[in-house]
Amino acid sequence: MSKAVILLSGGLDSCVTAAVAAREHDLALLHLQYGQRTQHREHQAFLDIANHYGVASRSRLIVDMAFLAQIGGSALTDSNIPIPDADLNSDHLPITYVPFRNAHLLALGVSWAETIEAEAVYIGVVQEDSSGYPDCTEAFVRAFDAAVCNGTRDGNIRIEAPLIALDKPGIVTLGTELKAPLHLTWSCYAREDKACGTCDSCALRLRAFEKTGRQDPITYQNA
């Protein structure tokens with residue numbers, strides 16, 4: 001099969017994205033560390049998911065992007081900014097947004113894809129259930145895909161966002177159908193031992209499992 005680079009944070013969406021890509025591609029898994037609060041736990045989730053899919057060490061890449069923490073502006077990278085409780089009805093962009101993060105992730109993914117002759121870069125962005133992050137939209141993905149077409153050697157690397165039009169319950173259902181290892185994923189913004197259950201990411205995840213009538217396989221602080 002052809003190769004594809006998967007941006008794998010270790011979270012629910014990126015895990016299901018890897019499961020989708022695995023149907024058609026040999027996986028090359030890219031994990032970014034940018035000083036986020038749960039960096040160590042996300043790294044463990046990345047390793048566990050990579051092992052689950054039998055991805056060889058030569059097809060795993062972990063990149064230090066600590067400059068995003070230096071830039072600041074997000075509660076995910078600045079311990080002086082509290083992680084707020086979720087407000088899923090809010091129209092305001094939450095302080096957990098990391099400015100233009102996905103552009104940096106995709107740029108690295110495309111660079112690696114050129115090097116290893118992969119035909120696509122997969123990212124698990126979701127437009128509907130993404131807390132309103134502007135770099136999780138279809139318009140952003142289309143614009144980046146056009147930039148890649150014009151800015152790479154052969155212009156033939158695709159940006160794939162297979163979950164973009166789904167909501168979180170749809171992602172849980174798809175992941176279950178594909179037998180994705182959802183039990184190995186980590187979504188919490190705040191904690192590394194047990195998920196907090198109250199941040200935006202936890203709230204979206206818990207609501208999704210509840211709507212599908214399934215039990216979330218990870219452990220929560222207040223469970």
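What you see is a predicted model, and the numbers here were worked out from it, not measured in a lab.

Caption draft 1: Representation of the overall build of the chain in the model. For the chain, the count of helices and strands is seven helices and five strands. Listing each helix as α and each strand as β along the chain from the N terminus yields β-α-β-α-β-α-α-β-α-β-α-α. In terms of overall dimensions, the chain is globule-like: its C-alpha atoms have a radius of gyration of 16 Å, near the 17 Å expected for 223 residues. For the chain, the spread of C-alpha atoms along the three principal axes comes to 50 × 35 × 30 Å. Put simply, the chain has 223 residues, and 49% of those count as buried. Nonlocal contacts in the chain, meaning residues at least 24 apart in sequence, comprise 69% of its contacts between residues at least 6 apart. Of the side chains in the chain, 18 bear a positive and 27 a negative charge, and the two mean positions are spaced by 5 Å.

Caption draft 2: Spatial organisation of the packing of helix 1 (residues 12–21) against helix 6 (residues 168–177). It is at 10 Å that the axes of helix 1 and helix 6 come closest, and there the two elements cross at 45°. In terms of orientation, helix 1 and helix 6 fall into the oblique class. Where helix 1 crosses over helix 6, the handedness of that crossing is left-handed. In this structure, helix 1 contributes Leu12, Asp13, Val16 and Val20 to the contact, and helix 6 contributes Lys168, Ile171, Val172, Leu174 and Gly175. Class assignment for the residues of the contact of helix 1 with helix 6 results in six nonpolar, one polar and two charged.

Caption draft 3: Quick peek at helix 6. Those residues of helix 6 lying buried are Lys168, Pro169, Ile171, Val172, Leu174 and Gly175. On its buried face, helix 6 sits against helix 1 and helix 7 (200–212). Between a side-chain oxygen at the N-terminus of helix 6 and the backbone nitrogen of Gly170 the separation is 2.8 Å; the capping residue is Asp167.

Caption draft 4: Quick peek at the sheet that holds strand 4 (residues 120–122). Ordered by their spatial adjacency, five strands build an open sheet running 3-2-1-4-5, and the pairing between neighbours is parallel. Unpaired on one side and paired on the other, strand 3 (60–64) and strand 5 (158–160) mark the two borders of the sheet. The mean inter-strand angle of the sheet, taken between neighbouring strand axes irrespective of direction, is 25°. Along the sheet face, helix 2 (residues 39–52) touches strand 2 (25–33) and strand 3 and points at about 170° away from the line of strand 2.

Caption draft 5: How the structure looks around the packing of helix 6 against helix 7. Contact geometry of helix 6 with helix 7 gives a least axis separation of 8 Å together with a crossing angle of 65°. Put simply, helix 6 runs roughly perpendicular to helix 7. The handedness of the crossing between helix 6 and helix 7 comes out as right-handed. In this structure, helix 6 contributes Lys168, Pro169, Val172 and Thr173 to the contact, and helix 7 contributes Leu204, Ala208, Phe209, Lys211 and Thr212. Taken together, the residues of the contact of helix 6 with helix 7 sort by class into five nonpolar, two polar and two charged.

Caption draft 6: The pattern of salt bridges, seen in detail. This structure, assessed with the given rule, holds seven salt bridges. We note a salt bridge from Glu119 to Arg158, for which the minimum N-O separation is 3.5 Å. With Glu119 in the loop between helix 4 (101–116) and strand 4 and Arg158 in strand 5, this pair connects stretches of sequence that are 39 residues apart. The salt bridge involving Glu160 is made with Arg158; its shortest N-O contact spans 2.7 Å. Overlapping salt bridges, with partners in common, bring together Glu119, Arg158 and Glu160 in one network.

Thresholds, definitions, all that
- Residues numbered from 1 in each chain as written.
- Predicted model: local features only at pLDDT ≥ 70, side-chain atom pairs only at ≥ 80, totals over all residues.
- Heavy atoms only, no water.
- Helix = DSSP H or I, 4+ residues; strand = E, 2+ residues; numbered from the N terminus.
- Rg over C-alpha atoms; globule rule 2.2 N^0.38 Å.
- Buried < 20%, exposed > 50% of the residue type's maximum accessible area, 1.4 Å probe, protein only.
- Contact = heavy atoms within 4.5 Å.
- Lys, Arg positive; Asp, Glu negative; His and termini not counted.
- Charge placed at Lys NZ, Arg CZ, Asp CG, Glu CD.
- Axes fitted to C-alpha atoms, helices over the stretch in contact; angles between N-to-C directions.
- Parallel < 35°, antiparallel > 145°, perpendicular 65-115°, else oblique.
- Left-handed = near helix turned anticlockwise from the far one by under 90°.
- Nonpolar A, V, L, I, M, F, W, Y, C, P; charged D, E, K, R; others polar.
- Polar contact = N/O pair within 3.5 Å; in protein donor to acceptor, adjacent residues only side chain to side chain.
- Pairing = 2+ DSSP bridges.
- Salt bridge = Lys/Arg side-chain N within 4 Å of Asp/Glu carboxyl O.

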